[in-house]
Amino acid sequence: MKIYVDMDGTVLSNKLDNQFRCIATAINMAEALLWYADVYVDDLQVNTVLLGKIATLKAEGHEIIGWTNRDDNKQLMTERNLGIYLPLFDTIQYHAGDKRSSVVSDGIVYDNEAEYVAMGAAGSTLVTW
Ligand SMILES: [Mg+2]
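Residues numbered from 1 in each chain as written. Predicted model: local features only at pLDDT ≥ 70, side-chain atom pairs only at ≥ 80, totals over all residues.

### Here we look at the overall build of the chain
And step 1. Scanning the chain from terminus to terminus reveals five helices and five strands.
And step 2. Its helices and strands taken in sequence order, the chain reads β-α-α-α-β-α-β-β-α-β from the N to the C terminus.
And step 3. Radius of gyration (C-alpha) of the chain: 14 Å, near the 14 Å computed for a compact globule of 129 residues.
And step 4. The C-alpha extent of the chain, read off along each of the three principal axes, is 45 × 30 × 25 Å.
And step 5. Long-range contacts, defined as pairs at least 24 residues apart, comprise 65% of the intrachain contacts of the chain with a sequence gap of at least 6. (Helix = DSSP H or I, 4+ residues; strand = E, 2+ residues; numbered from the N terminus. Rg over C-alpha atoms; globule rule 2.2 N^0.38 Å. Contact = placed C-beta atoms within 7 Å.)

### Some remarks on the nonpolar core
A general feature of soluble globular proteins is that nonpolar side chains tend to end up buried together.
And step 1. I3, Y4, V5, I64 and V109 are the most contacted members of the largest nonpolar core, which has 14 residues in total.
And step 2. Ranked by residue count, the leading element in this core is strand β1 (residues 2-5), at three residues.
And step 3. Non-local contacts of I3, meaning those with residues more than four positions away in its chain, are made with I54, L57, H62, E63, I64, I65, G107 and I108. (Core = buried A, V, L, I, M, F, W, Y, C linked by C-beta atoms within 7 Å. Buried ≥ 20, exposed ≤ 12 C-beta atoms within 10 Å, placed from the backbone.)

### Section: the environment of S101
And step 1. When you line up the elements, S101 lands in the loop between β3 (91-94) and β4 (107-111).
And step 2. Overall, the presence of 7 C-beta atoms within 10 Å leaves S101 in the exposed class.
And step 3. Expressed as a C-alpha distance, the spacing of S101 and D43, which sit 58 residues apart in the sequence, is 30 Å.

### Some thoughts on the pairing of β1
Along a regular strand, successive side chains alternate from one face of the sheet to the other.
And step 1. As paired elements, β1 and strand β2 (residues 63-68) share four bridges and run parallel to each other. Within β2, the residue paired with I3 across the bridge is I64.
And step 2. One ladder, built from four bridges, connects β1 with β4; its direction is parallel. Bridging across to β4, V5 finds its partner in Y110. (Pairing = 2+ DSSP bridges.)

### Some words on the pairing of β3
And step 1. Pairing analysis gives four bridges linking β2 to β3, with the strands arranged parallel. Paired with T68 across the two strands is Y94, which belongs to β3.
And step 2. Handedness of the β2-helix α4 (residues 75-82)-β3 crossover: right-handed. (Right-handed = clockwise from strand over helix to strand, strands pointing away.)

### A few points about the sheet that holds β3
And step 1. What the five strands build is an open sheet, ordered β3-β2-β1-β4-β5; its pairing is parallel. A single partner strand is all that each edge strand has here, and the edge strands are β3 and β5 (125-126).

### Some remarks on the environment of D106
And step 1. Tracing the sequence through the fold places D106 in the loop between β3 and β4.
And step 2. For D106, a count of 10 C-beta atoms within 10 Å corresponds to the exposed category.
And step 3. Along the backbone, D106 and G120 are 14 residues apart, and their C-alpha atoms lie at a distance of 7.1 Å.
And step 4. Beyond its immediate chain neighbours, meaning those up to four positions away, D106 contacts K2 and A121.

### A few points about the packing of helix α1 (residues 15-26) against helix α2 (residues 29-38)
And step 1. Look at α1 against α2: their axes get within 7 Å of each other, and the N-to-C directions meet at 150 degrees. When the axes of α1 and α2 are compared, the crossing they make is right-handed. Residues F20, I23 and A24 of α1 touch α2, and the partners they reach there are M29, E31, A32, W35 and Y36.
And step 2. For the contact of α1 with α2, the residue count by class is seven nonpolar, no polar and one charged. (Axes fitted to C-alpha atoms, helices over the stretch in contact; angles between N-to-C directions. Left-handed = near helix turned anticlockwise from the far one by under 90°. Nonpolar A, V, L, I, M, F, W, Y, C, P; charged D, E, K, R; others polar.)

See the structure below:
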């Protein structure tokens, strides 16, 4: 089965998304998008409990797909953020803020936002730290 795993707030701490939302709310969305285009954050924590579960699912033969609203230009940063855990992922999909348009009903979603969990198959899980 396919396992779709969100990055920010799910396997990685939510500093990036929190800062984005803060700028969007305090200033405006245009400024938040400009900030996001150039920001690189390398001090995110990893969710070792969830990554342990993902390692088990991978060992059972499931396909592990990173499923993120990050842009393509965040690929290297994402790989650094995941560090030694990167090989757990068969692929990482970068949806540039448009995860809602992707099809994930063929698999289980792990995400920190309920609206994305609701898009996945039965067994999809809301992740909290
Ligand atoms: Mg998230």
